[in-house]
Amino acid sequence: MRPNIDTQTRLYGVIGHPVAHSLSPAMHNRAFQAAGYNGVYLAFDVPEIAPAVAAGRALNIRGWSVTIPHKVAVMPLLDHVDPVAAGIGAVNTVINRDGRLAGYNSDGLGAVSALTEKTAVEDRSVAVIGAGGAARAIAFSLKQAGARVTIVNRAIPRGEALARDLNTPFLPLAELDRPMYHILINATSVGMAPYVDVMPVREHLLAPGMVVMDIVYNPLVTLLLKTAGKRGCVTVDGAAMFIYQGVFQFELWTGKKAPVAVMRETVMKALEKRHD
């Protein structure tokens, strides 16, 4: 079904470089249709962020998703940055309120929402593997939700720096030698296509009853999740985090309740189509 575009249609989009792979246009356009919202969502491949923000103001684009490599660089170009996004140090969502641009970060919220479908996080011990932007957002939001977070990373200086920023413990990945946590999250690209035959931890670290989440969603069932499932762990795939960060965006932009089931169905169909 194509959107019914008229003079009242509100424009949204994703800005990044590259963006050809993005599932956001399919997900948000289908959500707009399901909610009866007069909006359209496009993909803008923009190498330079400052002209894109200026264009967004001039064209009255109502909101956009911000992806790699602009999540940090966009921040000083905005009129307001939400305290959570400021604490994370990155923005992935912008809303245009009468010409004033406000930035938010829904990556960590998406991860927490995906996890809480399967488990409580408050007072649970969580190992976040990685020290990049995704790890920072997820660890920050989990701490806010009351989890006991440890940063685990192969490169010690980078991992220590993130742990210091977030005031959490740090453990070198090489020293993770036994199951120690209720929840384990891969917040790296390890296991992403085309390198699908690797995982960030050894198999014996996956104990029955653990919750194991992988932010990678290409493939949807990574080797980590496949192995964890076989060993009796509860698994959470990367599509769930992606969907819930989109749910936050949709509700912020429209003021309407997001059609979560429709968004999930759209993303799953798109992933299946890519796999085929």
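You'll find the structure just up there.
What you see is a predicted model; the values in this text were computed from it and never measured.

Trainee: Can you explain the overall build of the protein chain? Please cite residues and give values.
Mentor: Of regular secondary structure, the protein chain possesses nine helices and twelve strands. Relative to the compact-globule value of 19 Å for 276 residues, the protein chain shows a C-alpha radius of gyration of 19 Å, a close match. Dimensions along the principal axes, computed over C-alpha positions, put the protein chain at roughly 60 × 40 × 35 Å. Every one of the 276 residues in the protein chain was classed for burial, and the buried ones make up 50%. Residue pairs in contact within the protein chain that sit at least 24 positions apart in sequence constitute 64% of those at least 6 positions apart. When the accessible surface of the protein chain is split by element, carbon and sulfur atoms take 54% of a total near 13000 Å².

Trainee: Requested: an account of helix H8 (residues 238-254), with residues and values cited.
Mentor: For H8, spanning 17 residues, the distance from its first C-alpha to its last is 25 Å, which sits close to the expected 24 Å at 1.5 Å a residue. Most of H8 sits out of view: 15 of its 17 residues are buried. For H8, the N-terminal capping position is held by Asp237, with its side-chain oxygen 3.0 Å away from the main-chain nitrogen of Ala239. With its phi angle positive at about 75 degrees, Gly255 sits one or two positions after the end of H8.

Trainee: Can you lay out the pairing of strand S5 (residues 93-97) for me, pointing to particular residues and giving the numbers?
Mentor: By the criterion of burial, S5 is predominantly enclosed, with four of the five residues buried. Here strand S3 (residues 63-66) pairs with S5 via three bridges, running antiparallel. Looking across to S5, one finds that Gly63 is bridged to Ile95. Two successive antiparallel strands, S5 and strand S6 (residues 100-104), enclose a turn made up of two residues, where Asp98 displays a positive phi of approximately 55 degrees.

Trainee: Got a sec to walk through the packing of aromatic side chains? Specific residues and values, please.
Mentor: Taken as a whole and assessed by the stated rule, the structure comprises eight aromatic pairs. Aromatic pair Tyr12 and Phe32: ring centres 5.3 Å apart, planes at 50 degrees, arrangement tilted. One end of the pair, Tyr12, is in strand S1 (residues 10-16); the other, Phe32, is in helix H1 (residues 24-35), and 20 residues separate them in sequence. By relative accessible area, Tyr12 is classed as buried at 1%. Since its relative accessible area comes to 1%, Phe32 is described here as buried.

Trainee: Quick one: what's the story with the sheet that holds S1, residue by residue and with numbers?
Mentor: Taking strand neighbours across the sheet as the criterion, the six strands line up as S2-S1-S3-S5-S6-S4 in an open arrangement whose pairing is mixed. In the strand order of this sheet, the two ends are held by strand S2 (39-45) and strand S4 (80-81), each with one partner. Pairing between S4 and S6: two bridges, direction parallel. Residue His80 lies in a different strand from S6, and its bridge partner there is Ala102.

Trainee: Lay out the packing of H1 against H8 in plain terms, naming residues and giving numbers.
Mentor: Where H1 contacts H8, the two axes come as close as 11 Å, and the packing angle between them is 50 degrees. Between H1 and H8, the interaxial angle falls into the category oblique. The handedness of the crossing between H1 and H8 is right-handed. Of the residues in H8, those touching H1 at Ser24, Met27, His28, Ala31, Phe32 and Ala35 are Phe242, Ile243, Gln245, Gly246, Gln249, Phe250, Trp253 and Thr254. Classifying every residue of the contact of H1 with H8 gives eight nonpolar, six polar and no charged.

Trainee: Outline the environment of Met263, listing residues and values.
Mentor: Tracing the backbone shows Met263 in helix H9 (residues 260-275). Remark: the alpha-carbon pair of Met263 and Arg30, spanning 233 residues in sequence, is separated by 7.0 Å. With residues near it in sequence (within four places) discarded, Met263 still touches Met27, His28, Ala31, Ile243, Gly246, Val247, Phe250 and Ala258.

Trainee: Break down the packing of helix H5 (residues 133-144) against helix H6 (residues 156-166) for me, with residues and values.
Mentor: The N-to-C vectors of H5 and H6 enclose an angle of 30 degrees; their axes lie 11 Å apart at closest approach. For the pair H5 and H6, the sense of crossing is right-handed. Only Leu162, Asp165 and Leu166 of H6 make contact with H5, whose side of the interface consists of Ala135, Arg136, Ala139, Phe140 and Lys143. Class assignment for the residues of the contact of H5 with H6 results in five nonpolar, no polar and three charged.

Parameters and conventions
- Residues numbered from 1 in each chain as written.
- Predicted model: local features only at pLDDT ≥ 70, side-chain atom pairs only at ≥ 80, totals over all residues.
- Heavy atoms only, no water.
- Helix = DSSP H or I, 4+ residues; strand = E, 2+ residues; numbered from the N terminus.
- Rg over C-alpha atoms; globule rule 2.2 N^0.38 Å.
- Buried < 20%, exposed > 50% of the residue type's maximum accessible area, 1.4 Å probe, protein only.
- Contact = heavy atoms within 4.5 Å.
- Areas by Shrake-Rupley, 256 points an atom, 1.4 Å probe, with all protein chains shown as cover.
- Expected span 1.5 Å × (residues − 1).
- Polar contact = N/O pair within 3.5 Å; in protein donor to acceptor, adjacent residues only side chain to side chain.
- Pairing = 2+ DSSP bridges.
- Phe/Tyr/Trp six-rings, centres within 6.5 Å; stacked < 30°, edge-to-face > 60°.
- Axes fitted to C-alpha atoms, helices over the stretch in contact; angles between N-to-C directions.
- Parallel < 35°, antiparallel > 145°, perpendicular 65-115°, else oblique.
- Left-handed = near helix turned anticlockwise from the far one by under 90°.
- Nonpolar A, V, L, I, M, F, W, Y, C, P; charged D, E, K, R; others polar.

Keep in mind these values describe shape, not function.
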